[in-house]
Amino acid sequence: MSSASARAHANIALVKYWGKRDEALFLPTNGSLSLTLDGLYTTTTVTYGDGAADRLVLDGVEQGGDALAKVSRFLDRVRPDGLRAFVESENHVPTAAGLASSASAFAALAVAASRAAGLALTPDELSRLARQGSGSACRSIYGGFVEWRRGERADGADSHGVPIAPQAHWDVRMLVAVLVKAPKAVSSREGMRRTVQTSPFYPGWLASVDSDLAAARAAIATRDLDALGTVMEASALKMHATMLAAQPPFTYLRPASLAAIQAVWDARAAGLNGYLTMDAGPNVKVLCAAADAPAWQACLAALPDVVEVLCCGPGPGVA
Ligand code: DP6
């Protein structure tokens, strides 16, 4: 029996990943750039042994079906010959509001599964491996600000996270307004596929990503919150606009999300500096200076349909 554990933090994309050029290898159509967050993380232990089948226990609950099948397929990339795995994973997210992240989950699993198999992979190798569980997981291998280079190669060897500024580089805050949960009608995998194949706005999205990445990199290097916030907000809203034009159309924006977006814009117009982003769900996140986090916390907590407001700083890479 060999066993190993790992901890990986969630990340939020500042310039979004939206679309795959290879679904099996999780190769993106565009580069993306994220901030790894403290406070939100997954710890995972993998133990290899002679069991009859893989097992997955998530937050104390035995899993089967698609969740187990996905983890089993992922483990096939690293498991020692013939051995089955027992995977125990816990999401450390201070809420029951369903913020569990596939990024922190597959980053932690990649590290624990390869360590337990006796493989000493480099961070870039771990990032490529994590990518094949969930694309955004390749960024959670590293702390701080991380770029996921799109890469050109068909085998994905050049498509992995690259750290561009460490955790201590810039003491910003990301607030997460956790809004009332609605069932997720469209997975991000299906949403990406549909958008790439049918949205007339998708070529426009692709055409603007490289300049967004360049602007984000420059803003991070000079710690320019207005420049970073402007490009971050634009990236998220452009991504959501592509979905509205897909066929059949879909959106992750709920009425409560729109109320939160309006509240962020109103607060900014009134002098509170901060910018919003959203992922493949209803929650609204705000990037701001550390000094402005209490005011944003109060602003977001006063919204209708808010379950909880989390406040995160830059987080570390996998350990
Ligand atoms: C909107 O990484 O969850 O959060 O690769 O299909 O597992 P798969 O998708 P996932 O998608 C994340 C999409 C996003 C943007 C981002 O994190 O860059």
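You'll find the structure just up there.
What this report covers is the structure whose coordinates are included nearby.

What counts, and at which threshold
Residues numbered from 1 in each chain as written. Predicted model: local features only at pLDDT ≥ 70, side-chain atom pairs only at ≥ 80, totals over all residues. Heavy atoms only, no water. Axes fitted to C-alpha atoms, helices over the stretch in contact; angles between N-to-C directions. Helix = DSSP H or I, 4+ residues; strand = E, 2+ residues; numbered from the N terminus. Parallel < 35°, antiparallel > 145°, perpendicular 65-115°, else oblique. Left-handed = near helix turned anticlockwise from the far one by under 90°. Contact = heavy atoms within 4.5 Å. Nonpolar A, V, L, I, M, F, W, Y, C, P; charged D, E, K, R; others polar. Buried < 20%, exposed > 50% of the residue type's maximum accessible area, 1.4 Å probe, protein only. Polar contact = N/O pair within 3.5 Å; in protein donor to acceptor, adjacent residues only side chain to side chain. Near = heavy atom within 4 Å. Areas by Shrake-Rupley, 256 points an atom, 1.4 Å probe, with all protein chains shown as cover. Domains from an automatic or database assignment.

Moving on, we get to the packing of helix α2 (residues 102–116) against helix α3 (residues 123–131). Where α2 meets α3, the closest approach of the two axes is 8 Å, and the angle between their N-to-C directions is 120°. The orientation of α2 relative to α3 falls into the category oblique. Where α2 crosses over α3, the two elements pack in a sense that is right-handed. Of the residues in α3, those touching α2 at Phe106, Ala107, Ala110, Val111 and Ser114 are Leu126, Leu129 and Ala130. Considering only residue class, the contact of α2 with α3 consists of seven nonpolar, one polar and no charged.

So, on to the side chain of Asn30. Take Asn30: it is sitting in the loop between β3 (27–28) and β4 (32–49). Residue Asn30 is classed as buried on the basis of its relative accessible area, which comes to 3%. A distance of 3.5 Å separates a polar atom in the side chain of Asn30 from the backbone nitrogen of Trp18. A polar atom in the side chain of Asn30 sits 3.3 Å from the side chain of Trp205. Leaving out residues up to four positions away in the same chain, Asn30 has contacts with Lys16, Tyr17, Trp18, Arg150, Tyr202, Trp205, Leu206 and Val209.

Let us now look at the site of the ligand. Within the structure, the ligand sits among 17 residues, and Tyr17, Lys20, Ser134, Gly135 and Ser136 are positioned closest to it. Interatomic distance of 2.6 Å between a side-chain N/O atom of Ser134 and an oxygen atom of the ligand. Contact distances for the ligand include 2.8 Å between an oxygen atom and a backbone N or O atom of Gly135. In isolation the ligand has 460 Å² of accessible area, and contact with the protein removes 90% of it. Among the elements that make up the shell around the ligand, the one with the highest residue count is helix α4 (residues 188–198) (three residues). Tallied by class, residues from the shell around the ligand come to seven nonpolar, five polar and five charged. Two domains each provide a minimum of three residues to the shell around the ligand, namely domain 1 (2–169) and domain 2 (172–312).

None of the figures reported here should be taken as evidence of function without further support.
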